Structures are given as structure tokens and as C-alpha cells.
Amino acid sequence: MKKFLSVSLVIMVSVFTAAVCTAEPPTEPILRIETGMHTAKIGRIGVDDENRYLVTASEDKTVRLWDLSTGRLIRIFRPPVGEGNEGKIYSVALSPDGNTIACGGWTQYENGSFQAVDYFIYLFDRQSGGVIRRISGLPNVINQLAFSRNGGFLVATMGRSNGIRVYRSSDYQQVALDEDYGDNSYGADFDGQGRLVTASYDGYVRLYSSSFKLIAKMKAPGGNKPFAVRFSPDGSKAAVGFVDSTKVDVLSGNDLSSLFSPDTSGVNNGSLFTVSWSSDGRSLYAGGQYTSDGTPIVKWSEGGRGARRNLTAANSTIMHILPLKSGGIVFSSYDPAFGIINGSDQRTLFKAPSTPDYRDNQQGLLLSYDGSSVQFAYELWGKSPARISVSEGLLTTQVEATNSQLAAPVFSAPGMDITNWKYTYGPKLNGVELKLKPYEWSTSIAIAPNGESFLHGSLWNLRLFDRVGAEKWIVPAPGVVWAVNISGNGKVAVAACGDGTVRWYRMTDGKELLAFFPHIDKKRWVLWTPSGYYIASPGGEDLIGWHINNGKDAAADFFPASRFRDRFYRPDVTAKILGTFDESEAVRLANEESGRRQQEASIKQALPPVVSIVSPSDGAVVSNSQITVKFTVRTPSGEPVTSIKALVDGRPVAAERGVTITPKDAEQREISITVPEQNTEVSIIAENRFAASEPATIRVKWRGKKQQDEFIIKPKLYVLSVGVSKYQNPDLTLGLAAKDAKDFAATMQKQQGGLYREVVTKVLTDEKATKDDILDGLDWLQRQTTSKDVAMIFLSGHGVNDQNGIYYYLPVNADIEKLKRTGVPFSDVKNTVASLAGKTVFFVDTCHSGSVMGQRRGLTDITAMVNELSSAENGAVVFASSTGGQYSLEKSEWGNGAFTKALIEGMSGKADYTGKGKISINMLDLYLSERVKELTKGKQTPTTTKPSTVPDFPVAVKRQ
């Protein structure tokens, strides 16, 4: 079974695809996926001389900066993008000093013509994220970029027969070019003397002097299409890898004469097209499509003349390899993934993909009759199946590989003999080849239930053909279309795509109706319409957001969906799409039912501010607890900034109110804060009347004198625990909610003298849990908690949403018909959480069964509340008892509800997975997830959401 794309597709897609776009990037917001990791292949990487940073370039149209020692994402760089291929990044280079990032790819063309000119190289400032310069005038896509060893020059290799161009880094003026190339060029490298070597698909390797005069032009003996070429550290040799051969050649660095070929005997599949030397030149590395128990990187000792061994690397094609100064290498792969292999040949870091892998699972894409339920698989070959229900807004991860209620694709029908369609260039219908674009790889088919048409998926497009092969419609796909299916009613087409999405299309005309992205963690997911109305799991809404171009000469902005939650979080809309097959009609019906008004303001008019920290730089060393943070604030919408917050490890330490920043251009400001005597994350958030900005975050490393451990004061823990079982309205009665609240408080009380010097609890149950009592409890918590303390809120009982989706916790005296007067509104909880000075943990168990809202609503939707509480501006860690439309279950034999039972067990020590005696947020999350599913046999799935600004921290110790 074929596991990977052919190497020609992996590498050459940039040259042969075409899409319609204009000379200026579009100005309208574009919905994009954002997972914190690339969602398409990482074709190129770069490192600085000190090996502090790694940059990665991807066809997902982003460049990302990582801390090379930890793999932590530092910043995302966003060039302008458009539809189709416009904005795909094929090449990246980091200047030796680590200050400048150059990137290019399909970064501009006109009218979809191969003869078009004016592709761009973007130069970004690493610290600010801004565009320093745009180099224009390149005649084709930029396949490779490389800085000279001293940072003085930048070379670009291009697609087709356009050769190379060299730019002076002091002013980025072109100083040399060579257009005498016969095909694409993907390889270029400088040596320490400033000489340049390149490789081209025309078969030649070229050597240039430090003044860029051609010294030698030789055909390498190992293959016809040399891809990568790398100088040895001393410049005496050059290694070459090929896309059409399993050979690797080593040539003379002086005249390109052949020296030797490393041993590749037994490498009889794929190719070793990317090469690198170790920093000391003693080892030679190569990788590509060669597979042997995964996709290894091959290493030769003695500079390539010695023994060969396979090193564990990735699970798909190795795209790029670079040496590290301490020994070993860093690499990227098609997955997309990247990793580090140290000098002892151990893989010490691996950043895995965040997207599901739909390859080789055409038969596993199952549909319900109306297309509203889809079964897919997270892993290659159909492993880890799961099911999403659009109507219920529920993801189920514990399902059987087959399901009698769901139908697989149909591959044959009378009079329709479709052949040669899987992983080929020439699919046929009844012996006649279908009309596709040049080099368009065929991947999937599904025949309609009536046998009159069929879907066809490919590398680039989704099509509907009639039974004689005439194209009825075609739509561009966001990635390789690995699997397709058609609903039993014949109205909906579904495609599983290479970007990790499952998408629904209207069969009549191919119009997209819905898109679904499940994160590989199997917890977070988001489902959305083309206009951005969405439903998501807790923690899942920021998996999508709006990309907004700022012209050709500036970095684009990105705003996660959570910034527009009030407007676009619409489960009621997404649930109606497959009933109406029209987004506008679904919105109209949902608004009519809820009484909402249609909001006319555009996204661009309601944008939040944008913040960037100028200093200290990320990773800066501090020795004084008082630091000054300099930052810039922009207001893209022109809406005035109303407040600015500084956070330390996710909690507020300083704020400015009543500010009136209005310019769209960046305005620099500064704020003084106190940081603890430890490594710390510092964030700045700005707000306007619409929303808060995304936090600008840096990490500072403490190197000052620390207090002795015995003088460190332990925090106090304040617990507000509320549970109602015996409501005044007997129809609301529950069994164990009040007991859950008492038992949780008692469990935390036992932590006194352990992690906490004192534990203070306020328990409100049944008749003591009136609305006034609960509001007083929130006020008590706010007044008592200092910046050195920890606050916990536990809510158990009933929660409901009103007709507008606003959440209310029901106190003992609640009246369902008078929610505003008798319910505790979410706004009161949120305002308390946002104002608490210390670390805040919120436990919510309010999705118990029962017809709480009669016919108006059967289930409580707490997702919006959970996501808002755990946003950076509010800063709470939230543990929710269930997800989506699930109920929270309780049984007398457990003694508590399933969630509380697992919570108490975890806090009492069972979540101590490391055996070190401390239970952290992440440990508790893992224990709750597994234990609740075990207790309820998969019927209840708890969720945990934590702000990106809050690091993991201990919440309990294991007491003897």
C-alpha cells in the first residue's frame, strides 16, 4: 500500500499548479486553520549560528519561529496570502545572527500565467515580527533561500529555467544572477569563503566564486535530477542528493569533480534527495522518501566513506536537514513535523503533526443518510476512528471501525467502470481517461446513490462528473483529497482533505456548506460555515481565525475566532445548515427562533488591538524583579484602546485604564511590572470595546539571587464550593450535587500544611446556596485572594442557557421563568474570575440531565462559558465535567458524580503520575479524562482548558 506522495509531487507541485489571483493581496478577511503547528509540509528550515532559533516554512502559508532547545513556538510570521496557491511558502532562511528571516515561494503572480513576473521575497524582523523589506521582480516561485556564512549575501533559486539571483544583505540590491538553467533549481549553499554551489533539475551542479563568477558546471553521476547540495564545513567537498535516484554523490569543492559515492546498497525504495554534513564534517547525512521502519535519516561516518546506519526520524518524507553546532542535526518532514537528532544519534526532540492523517482510508469515510454524521479516522490506514454529529454538535472518539448506521463510499455501479483512480495521473471511466489538469494526481472517488454521477478527489481539486465523464462542477481543495463520499439522500458531498479538515459540499453546485477540523489530541475540534459561524469544543474555537492582509509590504494580522465569540459562536446556525443547504437561510431561521438581530458590522470594523513586545526579547535574562516592558499597540479598526493589562504567568499584575490609543500605526508604550524570582512568562493584552487582543508573550529567565527555600512563603488556598441538590422547584431535584460540593471542599481542606500554608473554604449547599449567598461568596473570594494565593471555584447543580445562549447557574431558589432575577448570570462569575489576583481554577459540573428548560432547551451548553473563562484576558484554568451535549452522570454507588469522584481521587494522589508527590494541572487533566470515561463507559468526557499564558502548576500534593 502506498504510504507517501511521489517525490515529484512532494517537490514539484509549486511549478505546475496555477490559480487565479490579482496583483494586490485580497483585503477581505480569510478564514484559516491555526493549530499552533503547521498544517502542510515543512519544505524548508533555517537556524542561526548560535542555534537559539529554528524557522520553518510551510505550504500552509506561514513561517514559524521556534525555540530550538525546547521546540516552543515563539512567533508566527504571516506574509500576505490569497486564494489557491497564493502565499504558499516554499523557502526560508535565517540570517547567521538570528535577526532576519527571509522567505519566499508562490508569493505573487498575475492572471495565473506561468510567464507572469514579480514574485516576492519577504524579509521579516525576528523580534518584532514586522516586514523589513519586500524584494520584488523575481520571475518565478522561490524554491530555496540561503544566507552566506557571514550574512553578507542572500541567494534565491527559482522554478522552471529561471536560475538564481543573489542579493547584498546591506541593502538587498541584486548583485548577481544566472539565468542559464534548464530546469527548476532547489539547492544552494555557501561555504566559509563565500563561494556558492547550486543544484538544478537540468542535471547540473554549479560552482561560483565569492564574486559569483561561474567556476565549474558538472553533471553529477548519481542521478539526472540533483535536488540538494551542501558544502562540507571546510568547503573541500560538496554532497549532492537526487530526486530520481537512491544515490548520493560527494564532489570536489574546488572543481566539482567526482570524489566518491557513499554506500547506498539496500536503499532500494524512494530517494535520498536532501543532504547535510555534521558541523565537524565527520558525518554525512541524507534523507528523503527512503522508508525502513518509518522514514529514517541515513548517516555515514568518516565523512561519507564509512559505515552507514539508519536514524529514527519521522513518519513521512524528510524534506530538509541542517547541522547543529553541538553535533547532530535538525530536520523537517512532509507530515508536517520537525525534530532534532543529537550527536549520539538519539532523537531528542520531535514536534509531531497536529492534523489527522486521512491517507489510505477511502473506505473508512462513512456517512449517515443525510450526511449529518460522519465517521473518519485520526491516523493512517483508518486507525483511531471517530464520529462527528453536526446536528448534536458532538464528537465521539470511542467508536467501532465499522458502523451499520453509516454507509461507506460506492466504487462501482452498472455502466460506470472507474479504473486507475487511486494514486495515479490517469484515472479512466469506461476506458476513457478523465480530463484533469497537467500533473494532477488522482486520489479518491465515490459514486452517487442513483448511479448518475460520481465525485473525484485529487491533489488540488474536488470534482463532480456525470456518468459519461462530463465535468458538472469543480472546486479547489484545501489539501490533497484523500477520501470522498456522498450521502444516501444524494444531497451532500463530503471530502477528507490533507489539511486535516472534513468538508461538506452541496451536490447541486459544489458550494461548500461546512468544514470540520479535529485536532490530533482528540479533544479539541471546531465546525464552521464559510462565513465563520461555528461550534467548537472547549478549547477548540481558536483552531480557526481570520487572516487579514495589510497590503503587499506589511505582515498580515491573524485574529482567532474567540475574538468574535459573541457574534460567531452559533451552534444553532451550524445545526441547521444540512437542513437548509443554504447558510443565509440557516442564519435567518436561527435568528428567528432565538430573537437575535442580524449583525451588520463587518469583521474589519470590530477588530481588537494588536500588541507586540519590543523589549525585553524572548529568552532575555533578568536579575532584578522590577522590569520595564516596552511594547507597541496598533488599532487596525481605528477603535480606541480602552485598557492595557500586564500578566505574569497568566495573572494580572498591572493595568492602565482609560487609555485612548487610536492610531492604526503602532504606538510604543511601556509598563513597569514585578516578576517572581524564577523563569516567568510576561504578557501584554490591550482591549477595545469589541474584544481583547491576543496576548503578546515573552519568556524571561531569572538569573538573580534567589531567596533560600525555607524563606519562601507558601500560598493560601481559597475555595468557594457550591452545590444544589434539593431545589425549591422539585422538578429540578438532583441526587449528589450538594454532597459533591461538600466532599470537594473537604478534600482540599486536607491540603493545608502541604502545598498550602492555609486552606480557607466557603461551602454553600442546598438552602444556603441562594443567589445572594452565591454572589456574596464570589465577592468574598475576590476580596480574600492576593497575587500570591490560589483560588478555586466549584459549581455543581443545574445550569441553563436562555434563548440567547446566555448561561445561568441555578441557585436553590431559581425560577426558570425568571432567570434574570433569580439565576446567577455567567457575567458575575466571569467578572470575579477576571479580577482575581492569584492563580484561578474553576470546576464546573452543571450539565445534569432533566428537562430543566422544558421544551425550550434540553441540554446546557457551557462551551462558550468555558472558553471565555479560559481566555487569556480572564486567565482561569477550567475543568468541565462533560463536553458538547453530554450529560454529567451520577450514581449512588459511586458516592459522587463521576466527575467529582474522579476529581477527589486525583487530588488525593492518584493523579501523581510522576511519583514525585505533586499533582499538576496537566496531571489532573489526564487523570480526569481517563477515569471519567472509565466510570461512565465513554458516555461522559470531561474537558480541561488552560490559557496559553498560564504555565502548568501544582494544585495538590499527595498526602500520606
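Scoring rules and cut-offs
Residues numbered from 1 in each chain as written. Predicted model: local features only at pLDDT ≥ 70, side-chain atom pairs only at ≥ 80, totals over all residues. Heavy atoms only, no water. Helix = DSSP H or I, 4+ residues; strand = E, 2+ residues; numbered from the N terminus. Rg over C-alpha atoms; globule rule 2.2 N^0.38 Å. Buried < 20%, exposed > 50% of the residue type's maximum accessible area, 1.4 Å probe, protein only. Contact = heavy atoms within 4.5 Å. Areas by Shrake-Rupley, 256 points an atom, 1.4 Å probe, with all protein chains shown as cover. Expected span 1.5 Å × (residues − 1). Pairing = 2+ DSSP bridges. Axes fitted to C-alpha atoms, helices over the stretch in contact; angles between N-to-C directions. Phe/Tyr/Trp six-rings, centres within 6.5 Å; stacked < 30°, edge-to-face > 60°. Lys NZ or Arg CZ within 6 Å of the ring centre and 35° of its normal. Core = buried A, V, L, I, M, F, W, Y, C linked by side-chain atoms within 4.5 Å. pLDDT = per-residue confidence, 0-100. Parallel < 35°, antiparallel > 145°, perpendicular 65-115°, else oblique. Nonpolar A, V, L, I, M, F, W, Y, C, P; charged D, E, K, R; others polar. Salt bridge = Lys/Arg side-chain N within 4 Å of Asp/Glu carboxyl O. Left-handed = near helix turned anticlockwise from the far one by under 90°. Lys, Arg positive; Asp, Glu negative; His and termini not counted.

## Brief notes about the overall build of the protein
Reasoning step 1: A count of helices and strands for the protein gives twelve helices and 67 strands.
Reasoning step 2: The C-alpha radius of gyration of the protein comes to 29 Å, within 12% of the 30 Å expected for a compact globule of 960 residues.
Reasoning step 3: Along the first, second and third principal axes, the C-alpha set of the protein runs to 90 × 80 × 55 Å.
Reasoning step 4: Residue burial in the protein is summarised as follows: out of 960 residues, 61% are buried.
Reasoning step 5: In the protein, of all internal contacts separated by at least 6 residues, the share reaching a separation of at least 24 is 57%.
Reasoning step 6: Of the roughly 36200 Å² of accessible surface on the protein, 46% is carried by carbon and sulfur atoms.

## So, helix α12 (residues 921–936)
The periodicity of an α-helix, 3.6 residues per turn, causes residues three or four places apart in sequence to face the same way.
Reasoning step 1: Across its 16 residues, α12 extends 22 Å between first and last C-alpha, which sits within 8% of the 22 Å expected from 1.5 Å per residue.
Reasoning step 2: Summarising burial for α12: twelve of the 16 residues are buried, a large majority.
Reasoning step 3: All of the buried residues in α12 are Ile 921, Met 923, Leu 924, Asp 925, Tyr 927, Leu 928, Ser 929, Arg 931, Val 932, Lys 933, Leu 935 and Thr 936.
Reasoning step 4: In the stretch just after α12, Lys 937 is the one whose phi turns positive, near 55°.

## As for the sheet that holds strand β58 (residues 758–765)
Reasoning step 1: With mixed pairing, the six strands of this open sheet are ordered in space as β58-β57-β59-β63-β64-β66. In the strand order of this sheet, the two ends are held by β58 and β66 (943–945), each with one partner. For this sheet, the mean angle separating the axes of adjacent strands, direction not counted, is 10°.
Reasoning step 2: When strand β57 (residues 716–723) meets strand β59 (residues 790–796), the two strands line up parallel, connected through seven bridges. Pairing of Ser 721 across the sheet is with Phe 794, part of β59.

## A look at the sheet that holds strand β1 (residues 30–33)
Reasoning step 1: Strand order in this open sheet of three strands is β1-β47-β48, and the pairing throughout is antiparallel. Each edge of the sheet is formed by a strand with only one pairing partner; in this case those strands are β1 and β48 (557–560). The average undirected angle you get between the axes of adjacent strands in this sheet is 35°.
Reasoning step 2: Direction of pairing for strand β47 (residues 544–548) relative to β48: antiparallel, over a ladder of four bridges. Counted as the bridge partner of Gly 545 is Pro 560 from β48.

## Observations regarding the pairing of strand β20 (residues 248–252)
Reasoning step 1: The buried fraction of β20 is high, at five of five residues.
Reasoning step 2: One ladder, built from five bridges, connects strand β19 (residues 237–242) with β20; its direction is antiparallel. Counterpart to Lys 237 in the pairing with β20 is Ser 252.
Reasoning step 3: Between β19 and β20, which pair antiparallel and follow one another directly, the connecting turn spans five residues.

## Things to note about the packing of aromatic side chains
Reasoning step 1: A full pass over the atoms with the stated rule returns 27 aromatic pairs.
Reasoning step 2: Taking the centre distance of 5.6 Å and the plane angle of 65° together, the rings of Tyr 534 and Tyr 569 count as edge-to-face. Here Tyr 534 is found in strand β46 (residues 534–536), whereas its partner Tyr 569 is found in the loop between α2 (565–568) and α3 (571–574), with 35 residues between them in sequence. Each member of the pair, Tyr 534 together with Tyr 569, is buried.
Reasoning step 3: Feature note: the residues Tyr 358, Phe 376, Tyr 378, Phe 516 and Trp 525 constitute an aromatic cluster, connected by ring pairs.
Reasoning step 4: In this structure, Arg 347 packs its charged tip against the face of Phe 350, placed 4.1 Å from the ring centre.
Reasoning step 5: Lying over the aromatic face of Phe 953, Lys 839 brings its terminal NZ or CZ to 5.5 Å of the ring centre.

## Quick look at helix α6 (residues 737–749)
Reasoning step 1: Across its 13 residues, α6 extends 19 Å between first and last C-alpha, which sits within 8% of the 18 Å expected from 1.5 Å per residue.
Reasoning step 2: Buried within α6 are the following residues: Ala 737, Ala 738, Asp 740, Ala 741, Phe 744, Ala 745, Thr 747 and Met 748.
Reasoning step 3: Next to the buried residues of α6 lie β57, β58, β59, β63 (839–845), α11 (898–910) and β67 (954–957).

## A look at the nonpolar core
Reasoning step 1: Residues Phe 376, Trp 504, Phe 516 and Tyr 534 are the most contacted members of the largest nonpolar core, which totals 55 residues.
Reasoning step 2: Ranked by residue count, the leading element in this core is strand β44 (residues 512–518), at five residues.

## Let's talk about the confidence of the model for the protein
Reasoning step 1: Summary statistics for the protein give a mean pLDDT of 91 and a share of 93% for residues scoring 70 or more.
Reasoning step 2: Within the model, pLDDT remains below 50 along residues 12–22, and this stretch shows 41 contacts once partners closer than five positions in the same chain are excluded.
Reasoning step 3: Note on residues 109–116: pLDDT is under 50 here. Beyond four places in sequence and across chains, it has 23 contacts.

## Some remarks on the environment of Ala 493
Reasoning step 1: Structurally, Ala 493 is set in strand β42 (residues 492–497).
Reasoning step 2: Residue class for Ala 493 comes out buried when judged on its relative accessible area of 0%.
Reasoning step 3: Along the primary structure Ala 493 and Arg 503 are separated by ten residues, whereas in three dimensions their C-alpha atoms are 8.2 Å apart.
Reasoning step 4: Ala 493 has contacts with Leu 455, Asn 485, Arg 503, Trp 504, Tyr 505 and Met 507, leaving out every residue within four places of it along the chain.

## Focus: the environment of Leu 154
Reasoning step 1: Along the polypeptide, Leu 154 turns up in strand β11 (residues 153–158).
Reasoning step 2: Residues Leu 154 and Gly 82, spaced 72 residues apart in sequence, show a C-alpha to C-alpha distance of 26 Å.
Reasoning step 3: Among residues more than four places away in sequence, those in contact with Leu 154 are Ala 102, Ile 121, Leu 123, Leu 145, Ala 146, Phe 147, Arg 165, Val 166, Tyr 167, Ser 169 and Tyr 172.

## A look at the packing of α6 against α11
Reasoning step 1: At a closest axis distance of 10 Å, the pairing of α6 and α11 adopts a crossing angle of 5°. Classified by the interaxial angle, the pair formed by α6 and α11 is roughly parallel. Of α11, the residues touching α6 (which contributes Asp 740, Asp 743, Phe 744, Thr 747 and Met 748) are Thr 900, Leu 903, Ile 904, Met 907 and Ser 908.
Reasoning step 2: When the residues that make up the contact of α6 with α11 are grouped by side-chain class, the tally is five nonpolar, three polar and two charged.

## Brief notes about the pattern of salt bridges
Reasoning step 1: Evaluation of the coordinates by the stated rule reveals 48 salt bridges.
Reasoning step 2: A salt bridge links Arg 64 to Glu 34, with the shortest nitrogen-to-oxygen separation between them at 2.8 Å. Placement of Arg 64 in strand β4 (residues 63–67) and of Glu 34 in the loop between β1 and β2 (42–47) is noted, with a sequence separation of 30 residues between them.
Reasoning step 3: Linking Arg 308 and Asp 263 is a salt bridge whose minimum nitrogen-to-oxygen distance equals 3.8 Å.

## Overview of the environment of Leu 819
Reasoning step 1: Inspection of the secondary structure assignment puts Leu 819 in helix α8 (residues 819–822).
Reasoning step 2: Of the residues examined, Leu 819 reaches a relative accessible area of 8% and is grouped as buried.
Reasoning step 3: Separated by 528 residues in the primary sequence, Leu 819 and Thr 291 place their C-alpha atoms 62 Å from one another.

## Points about the packing of α11 against α12
Reasoning step 1: Packing of α11 against α12 brings their axes to within 9 Å, and their N-to-C directions diverge by 135°. If you check the angle between α11 and α12, you find them oblique. Crossing hand, α11 versus α12: right-handed. Along the contact surface, α11 presents Ala 898, Phe 899, Lys 901, Ala 902, Leu 903, Glu 905, Gly 906, Met 907 and Lys 910, while α12 presents Leu 924, Tyr 927, Leu 928, Arg 931, Val 932, Leu 935 and Thr 936.

## Overview of unusual backbone geometry
Reasoning step 1: Here Asp 335 and Pro 336 are connected by a cis peptide whose omega angle stands at 15°.
Reasoning step 2: As for its placement among the helices and strands, Pro 336 is situated in the loop between β27 (329–333) and β28 (337–341).
Reasoning step 3: Cis rather than trans, the peptide bond between Ser 615 and Pro 616 has omega equal to -5°.
Reasoning step 4: In this structure, Asn 51 is a non-glycine residue whose phi angle is positive, near 55°.
Reasoning step 5: Relative to the helices and strands, Asn 51 resides in the loop between β2 and β3 (53–58).
Reasoning step 6: The class for Asn 51 is buried, based on a relative accessible area of 17%.
Reasoning step 7: Even without being a glycine, Asp 649 presents a positive backbone phi close to 50°.
Reasoning step 8: As for its position among the elements, Asp 649 is in the loop between β52 (641–648) and β53 (651–661).

## Digging into the side chain of Lys 933
Reasoning step 1: Tracing the chain through its elements places Lys 933 in helix α12.
Reasoning step 2: We note that Lys 933 is buried and unpaired, the nearest opposite charge coming from Glu 930 at a distance of 4.4 Å.
Reasoning step 3: Lys 933 has contacts with Gln 398, Gly 938, Gln 940 and Thr 941, leaving out every residue within four places of it along the chain.

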